[in-house]
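Coordinate analysis (summary)
If you want the building blocks of each chain, they are given just below.
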Number of protein chains: 2
Amino acid sequence: MSVGPIRLSQDAHTALRPPVMARITGGFWAAKRRVNAEVSVPQGPGRLEEAGNLANLRAAAGTAEEGFTGDFPFQDSDVHKWLEAASWQLAEEHGGPAAEKLAGHVARLAALVSDAQDADGYVQTYYQARPGARRWSELHWGHELYCAGHLLQAAVAHRRATGEDGLLDVAVRFADHIDAVFGPDKAVDAVCGHPEIETALVELYRETGERRYLDLAGYFVDRRGQGTLGDSGGTGPRPGAPYWQDHIPVRDARAVAGHAVRQLYLLAGAADLAAETGDRELRDALVRLWEDMVATKTYLTGGVGSRHDLESFGDAYELPPDRAYAETCAAIASIQFSWRMALLTGDARYSDLIERILFNGFASGVSLDGERWLYVNPLQVRDGRTEGRTESHGDQEARRTPWFRCACCPPNVMRLLASLPHYMASGDAGGLQLHQYASGVYAAGGGTVRVGTGYPWEGRIAVVVDEAPAEADWTLSLRIPHWADRYEATVGGEAATERAERGWLRLRRRWRPGETVVLTLPLAPRLTRPDPRVDAVRGCAAIEHGPLVYCLEQPDQPAGLRLDGITLDTGTELVAEHRPRLLGGVTVIMARALRRAAPDGGWWPYPGAGGDIGGVGDPVRVTAIPYYAWANREAGPMRVWIPS
Amino acid sequence: MSVGPIRLSQDAHTALRPPVMARITGGFWAAKRRVNAEVSVPQGPGRLEEAGNLANLRAAAGTAEEGFTGDFPFQDSDVHKWLEAASWQLAEEHGGPAAEKLAGHVARLAALVSDAQDADGYVQTYYQARPGARRWSELHWGHELYCAGHLLQAAVAHRRATGEDGLLDVAVRFADHIDAVFGPDKAVDAVCGHPEIETALVELYRETGERRYLDLAGYFVDRRGQGTLGDSGGTGPRPGAPYWQDHIPVRDARAVAGHAVRQLYLLAGAADLAAETGDRELRDALVRLWEDMVATKTYLTGGVGSRHDLESFGDAYELPPDRAYAETCAAIASIQFSWRMALLTGDARYSDLIERILFNGFASGVSLDGERWLYVNPLQVRDGRTEGRTESHGDQEARRTPWFRCACCPPNVMRLLASLPHYMASGDAGGLQLHQYASGVYAAGGGTVRVGTGYPWEGRIAVVVDEAPAEADWTLSLRIPHWADRYEATVGGEAATERAERGWLRLRRRWRPGETVVLTLPLAPRLTRPDPRVDAVRGCAAIEHGPLVYCLEQPDQPAGLRLDGITLDTGTELVAEHRPRLLGGVTVIMARALRRAAPDGGWWPYPGAGGDIGGVGDPVRVTAIPYYAWANREAGPMRVWIPS
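Residue positions within a chain follow its written sequence, with the count starting from 1. All chains are assigned letters beginning at A, and all ligands numbers beginning at 1, according to the order in which they are written. Per-residue local features are limited, in this predicted model, to residues with pLDDT of at least 70; the limit for side-chain atom pairs, both in listing and counting, is 80 or more; totals at the level of whole chains, interfaces and linings are taken over all residues. Side-chain metrics rest on all non-hydrogen atoms present in the structure, leaving aside hydrogens and water.

1. Quick notes on the domain arrangement of chain A
All names here are of chain A. Applied cut-off: Here the bounds of each domain stem from an automatic or database domain assignment. For this analysis, residues touch if any pair of their heavy atoms sits within 4.5 Å. We define buried area as the total accessible area lost by two parts upon association, computed with a 1.4 Å probe and summed across both. Counted as salt bridges are all cases of a side-chain nitrogen of Lys or Arg within 4 Å of a carboxyl oxygen of Asp or Glu. The term polar contact refers here to a pair of N or O atoms within 3.5 Å; inside protein, the definition further demands a hydrogen-donor-capable atom paired with an acceptor-capable atom, and it admits residues adjacent in sequence only when both atoms are side-chain atoms.
Looking at chain A, the domain boundaries give domain 1 (24–229 + 242–423), domain 2 (425–455 + 460–520) and domain 3 (525–643). The partner domain 2 presents 17 residues to the 20 residues of domain 1 that form the contact. Taken together, both faces of the contact between domain 1 and domain 2 bury some 1500 Å²; the carbon and sulfur share is 48%. On the domain 1 side of the interface with domain 2, the three residues burying the most area are Ala348, Asp352 and Glu355, jointly 33% of the side's total. At the boundary of domain 1 and domain 2, one finds three salt bridges. Across the salt bridge formed by aspartate 352 and arginine 479, the nearest N and O atoms sit 2.2 Å from each other. At the junction of domain 1 with domain 2, the criterion picks out 11 residue pairs in polar contact (both at pLDDT 80 or more).

Given below as structure tokens:
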């Protein structure tokens, strides 16, 4: 069985199943994962110590003198998410001093969590270590089931990676306590303001086989949207039902709304539930909501959540590039939801979206050196930012930060990168599906393949079928990305006669071991126009290249060029050039632009303080870099959408 | 001396002085003011009672059993602002049952404030009526000097309107207490998180002649920006220095930033200070900040504050129409700042901006019937708002509300409308300046004029000079709005030979009493293009007509037309038509538009839930109404900027 976040039960009602083995061995994602493994994850325990998260666990255990520190009820979840990330990491690293050191940290932090647990199974330091604080008394803001969910996920990961039961026992005791407290005829008949427990309970069911956890997940999914949080007691912000996803039952919803991360964690949990129960009504609702999100509320980078205000989805087509919130955690949540939908339905479009998010709005969340982070991922930063920037994380969009006061994103990036191989491939009764292209080895659907590729810098993807049924037809399915207007495929050097349908090129044959498939995707740079209903980027174009969205950032432009004063020459040739020493090795795209003429008035005729807009009509060559690599040099202007 | 918010001292260093008498007798603003006087202001005491503001005053006075109710520390300021509004109202109404009733309410509420005052002069119920609350202990969020400022302004208005000293005595006692507590060598050497006391103290100085108040205002203006709020104690949100205007001293600032209302109240106070002290450095800073605001951060409607997040100014040219915050209070604050700059400098451009705000982003703040309000004034509301709207005032942009939990805007509108005549004219040693055009009588600069006009529906403005020096030249100055590309003026039927310079047409002559000047402004509808640096409305145009900005609202369009699916035909003729029974009587503008073709793809090729965009290229006639009149029918889509 595979090591990874999803391990379907034998009864699951899905079209596809996750890979039974997946390893990424080289290329783009291997490099990112190496930085994650060697820098980001090892720095985690130190960051958590500095931020007080570990002290809180000691306070709850009674082994420290001080009480709870920090501003937020959900501080523990940072520890849990780091434990999950480190566990996936451990699953790959066998032996060696780095692995031993990591194993030591994992054991230490897991023990801190275990020691903090109350006798009845409850763990959340915010309610354990603050005098007078009462459990389950402020469900709208307490994040208790949210933290519990992350603990459950960490414990499942720890068990799958190490085979040990210690942290899983902690999780099971907490889950049993929750099951004893929550329910229609129990002490608390309500949900948590931040979804997360749902997906975690389904996974705990999968890990333990205990059906009660699946039923409890079902209770939480269906109890939501009934207004149970409207007048729950206690203190904390009261931003309203959509924020905490209590405005409408999932089954009835027609549009994604409210807090983006909460919405998508909920939908991921509902997809897990549908996978295990075969609930068609729920599945149909999830398809509908996913379509609404992608068609009307997703940025070109795959990012979601267009409002800083309440970190929420906006209206349909409300997608401002400058004020995009596009939280890194929301990108991750969208991947989690989409991957569950990919397994549930078998449709390629879900992995199309995952690719777009991975290479753009997700990868932008961590610096190239793995030490600094973006919480907010805008598609535009203007020239001449003014004095008086505020210090909220919403205003840190132009520069990366070593850690956040609300540090949800960094360990979330770590756990996704550490478990990334899991998202690359799947299997079914007839074969193996490659969803993403990264050099590595993948086993699923009764076969094993080896992938070798320089993707996304090169379009050639070689797939060697190492194992396949000897005496029966077997299908290797390759996802043809939606941006690829053509492709070539050969099997054993002969052009394949099959054509892609609905995003899948299905190669069904009797395979000889070692037979090689070569898929070639056209990596020409292209200009992308926005949907005309997206008002905020009307009259603009974006540069894309394969799965990568590009942006103009100041350091790559001619000296003195003001990024806000140019217009792309739409007749321009787009020239790609690989620069191995730039930003860790990227392909840049060069284009011709014009310095825009001075403004022709606007409504205000008096001279103002707006300053010069640049020269008049001079052509200039601009150079675009992949969006994921921005904000790794000095802070300055950047834009994805360029007037044209 | 005039009745109005600003009464300069004899030593003031300003180019102009407010009118000594001003009455609006007919036309657009008279009608708005009548609704204010007959509906909005009389409803105030009931609203304040329902919302608990008056109960809080009784609690502080010890005449009620219950303690403080409500969420915000600044609840008292709603009462103070209503008292100011009602006082300006009383100044115009002499006798009659309505005036007597209003006078009774004013006396009753003023007595509640007086009774709530502590022996040492302190009044703020949030700190008086909550057990354990400590005065001056959370300056960043306590709003104590903010509430004090509104109390001072109410008291000054009450004194000027009624001649009575009662409320002024309350204000003086409070001001003396503040003066005893705050200062470089006193108990508290810091500022309040919400500016407002500055302008109020200068006015109290003007009213009482007590120089200490002017000095204290100077202290507060210059102490700000030195980080005194960074670690002030207590609870409450901590959004950072720009929010509470403590990030940079006013004198050093080069750009408006942070919370829009706080920024502009501070600048209004600084302008008052510069007016009384003649401080050139301060004046130069104010001119610079005003220019920055108007050139880069002001909406076509005159609204300011482009971010819901922290109710703040955005970056330069960050002016999204859909997510415009453009708080009604910020529009009022911008008028207050600009009027002080108009008096200080004599420049016409300040009143140009005031006119734009008054007729658009301010007038939109109150419904035509005077009973419902907008807190947020967006320039676009999309088709098909989704389920899951939150309940914050930031999401009430598409519908008006009878009152707000944070009810700063309604009494702010009331006080500006009640004192509006004050902003129409000014005087200097040589004559009278008409800044705005409303039928009425205005005395300033040694003369009196009578204005008769159907403005803004008609461009003819007749000004009769009723009084002017008999034996000397005297100058009647008429502001030529910046949008008027031409105009005609006659004096006694003869074409004037003078030409406008820098926005002023100065008619200097020996005047005969009764001589009539007729100014005719060209009221042709026009298309306005945005500054090309405003990314959010690239490729769009707006319809304007005289000082009015127009918008398309759903009820005026052909059945079934989707506002988000049209493109304005830029070759269209714009046809104006006055409709006396529509929305209280408005001139509508009709234009030709095209239903836009179905979207040509965008980046996402799969069918989504976005829905149809409308027909393909069919011409259609659309009808625009003045922006101020929107949201007075059923909630629905609206847009000012139209793709073209």
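2. Here's the deal with the packing of helix α3 (residues 75–92) of chain A against helix α7 (residues 144–162) of chain A
All names here are of chain A. Heads up, the rule is: Lines fitted to C-alpha atoms define the axes, with helix axes restricted to the stretch in contact, and inter-axis angles between N-to-C directions lie between 0 and 180 degrees. By definition, any uninterrupted DSSP run of H or I lasting at least four residues is a helix, any uninterrupted run of E lasting at least two residues is a strand, and each is numbered from the N terminus. Oblique is the label for any angle not covered by the other classes, which are roughly parallel (under 35 degrees), roughly antiparallel (over 145) and roughly perpendicular (65 to 115). By the definition used in this description, the sense in which the near helix is turned from the far one sets the handedness, with an anticlockwise turn below a right angle giving left-handed and a clockwise turn giving right-handed. Only Asp, Glu, Lys and Arg are considered charged in this grouping, and only Ala, Val, Leu, Ile, Met, Phe, Trp, Tyr, Cys and Pro are considered nonpolar; every other residue, Gly among them, is considered polar.
At their nearest, the axes of α3 and α7 sit 8 Å apart, and the two run at 15° to each other. Taken together, α3 and α7 sit at an angle that is classed as roughly parallel. Crossing handedness for the pair α3 and α7: left-handed. Where α3 approaches α7, its residues Asp76, Ser77, His80, Lys81, Leu83, Glu84, Ser87, Trp88, Leu90 and Ala91 are matched on the opposing element by Tyr146, Cys147, His150, Leu151, Gln153, Ala154, Ala157, His158, Arg160, Ala161 and Thr162. Along the lines of polarity and charge, the residues of the contact of α3 with α7 split into 10 nonpolar, seven polar and four charged.

3. With respect to unusual backbone geometry
Residue A:Pro456 is reached from A:Tyr455 by a cis peptide bond, and omega for that bond is 5°. Mapped onto the elements, A:Pro456 comes out in the loop between β6 (447–453) and β7 (460–467). Positioned with a positive phi, B:Leu310 is a non-glycine residue whose angle comes to about 65°. Positioned with a positive phi, B:Arg502 is a non-glycine residue whose angle comes to about 45°. Its location among the elements puts B:Arg502 in the loop between β10 (494–495) and β11 (504–509).

4. Considerations on the sheet that holds strand β8 (residues 474–479) of chain B
Residues and elements named next belong to chain B. The line we're drawing: Strand pairing requires that DSSP identify at least two bridges connecting the strands.
Reading across the sheet, the four strands line up as β3-β4-β8-β11 and stay open at both edges, with mixed pairing between neighbours. The open sheet has two edge strands with one neighbour each: β3 (425–428) and β11. Within this sheet the neighbouring strands show an average axis-to-axis angle of 20°, counted without direction. Taken together, the four bridges between strand β4 (residues 431–434) and β8 define a ladder with parallel strand orientation. Across the sheet, leucine 432 pairs through a bridge with leucine 476, a residue of β8.

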